[in-house]
Amino acid sequence: MSITSIRPISDTETYDLRHRILRPQQALSECAYPCDKDPLTLHIGCFLNDTLIGIGSILPDPRENSIHPTGWRIRGMAVLADVRGTGAGGKILQALIDHVRAQPLPAEIWCNGRANVKGFYERFGFVQEGDPFELPGIGPHLLMVKMESVALASS
């Protein structure tokens, strides 16, 4: 199985997979996040042929109590169960990290990731901060954080 494309998508294109994979107990309309339409928010889709199989979003959102003034939050990372392990999630996460690297300031990237995917985020340089916590109706989560520098042009 080979991923055929990774590309930006609209916020509304994320809602079906957010609902089916991440929040099936909620109404589809509740799968819209407050900053989805912010012009700086990026939504990435992973496609197999023409079928959307994975999604992820990143938005400017400094973490509360962080020592870093610039922060980006990953939200809504999801890959269809039958294609997990094919690299789709990694390609999405790398696209989100690359987006932050293209910004003018170094930044912290963070997310509230599900506890069962801790190793996935660690492979990309994220570290757990604090203790696991429970999101009611969703399950155990971890705060995962990564400091990202920007590519600087050499003089």
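What counts, and at which threshold
Residues numbered from 1 in each chain as written. Predicted model: local features only at pLDDT ≥ 70, side-chain atom pairs only at ≥ 80, totals over all residues. Heavy atoms only, no water. Phe/Tyr/Trp six-rings, centres within 6.5 Å; stacked < 30°, edge-to-face > 60°. Buried < 20%, exposed > 50% of the residue type's maximum accessible area, 1.4 Å probe, protein only. Pairing = 2+ DSSP bridges. Helix = DSSP H or I, 4+ residues; strand = E, 2+ residues; numbered from the N terminus. Axes fitted to C-alpha atoms, helices over the stretch in contact; angles between N-to-C directions. Contact = heavy atoms within 4.5 Å. Core = buried A, V, L, I, M, F, W, Y, C linked by side-chain atoms within 4.5 Å. pLDDT = per-residue confidence, 0-100. Polar contact = N/O pair within 3.5 Å; in protein donor to acceptor, adjacent residues only side chain to side chain.

A. Local environment of the packing of aromatic side chains. The full count for this structure, using the stated rule, is three aromatic pairs. Between Phe120 and Phe124, the aromatic rings sit 5.5 Å apart at their centres with planes inclined by 55°, giving tilted as the arrangement. For Phe120, a relative accessible area of 18% gives the class buried. Ring centres 5.5 Å apart and planes at 75° place the aromatic pair Tyr121 and Phe126 in the edge-to-face group. Per residue, the accessibility class of Tyr121 equals that of Phe126, and both read buried.

B. Focus on the sheet that holds strand S2 (residues 42–48). An order of S1-S2-S3-S4-S5-S7-S6 is seen for the seven strands of this open sheet, with the pairing classed as mixed. Whereas interior strands pair on both sides, the edge strands pair on one side only; in this sheet they are strand S1 (5–8) and strand S6 (127–135). Taking each pair of neighbouring strands and ignoring which way they run, the sheet shows an average axis angle of 20°. As paired elements, S2 and strand S3 (residues 51–60) share seven bridges and run antiparallel to each other. In the sheet register, Gly45 faces S3, and the bridge partner there is Ile55. Across the sheet, helix H1 (residues 11–22) lies against S2, S3, strand S4 (71–79) and strand S5 (107–114), angled at about 105° from S3, the strand it touches most.

C. Seen up close, the nonpolar core. Counting 35 residues, the largest nonpolar core has Ile58, Ile74, Met77, Leu93, Leu96, Tyr121 and Phe126 as the members making the most contacts within it. Elements that contribute at least two residues to this core include exactly H1, S2, S3, S4, helix H2 (88–101), S5, helix H3 (118–122) and strand S7 (139–148). With six residues, the top contributor of residues to this core is H2. Those residues in contact with Ile74 that sit more than four places away from it in its chain are Ser57, Ile58, Leu93, Leu96, Ile109, Trp110, Cys111 and Phe126.

D. Geometry of the confidence of the model for the chain. On average, residues of the chain carry a pLDDT of 89, and 94% of them reach 70 or more. By mean pLDDT, S7 is the weakest element of the chain at 90, and S2 is the strongest at 96.

E. The arrangement of the pairing of S6 in detail. Inspection of the sheet shows S6 paired to S7 by six bridges, in the antiparallel sense. Each bridged residue has a counterpart across the sheet, and for Gln128 the counterpart in S7 is Met144.

F. Molecular detail of the environment of Ala32. Relative to the elements of secondary structure, Ala32 occurs in the loop between H1 and S2. With relative accessibility at 36%, the residue Ala32 sits in the partly exposed group. In sequence terms Ala32 and Gln94 are 62 residues apart; their C-alpha atoms lie 23 Å from each other. Look past the residues within four positions of Ala32 in its chain and what remains in contact with it is Tyr15 and Arg18.

G. Representation of the side chain of Arg18 within the structure. Locating Arg18 in the fold gives a position in helix H1. Setting aside anything within four residues of it in sequence, one finds Arg18 in contact with Arg23, Cys31, Ala32, Tyr33, Asp36, His43, Ile55, Ser57 and Gly76.

H. Layout of the side chain of Ser57. Relative to the helices and strands, Ser57 is located in strand S3. A polar contact of 2.6 Å, which involves the side chain of Ser57, links it to the side chain of His43. Among all residues touching Ser57, those that are not within four sequence positions of it are Thr14, Arg18, Leu42, His43, Arg73, Ile74, Arg75 and Leu96.

I. Just the environment of Phe126, in detail. With respect to the helices and strands, the residue Phe126 is situated in the loop between H3 and S6. With relative accessibility at 2%, the residue Phe126 sits in the buried group.

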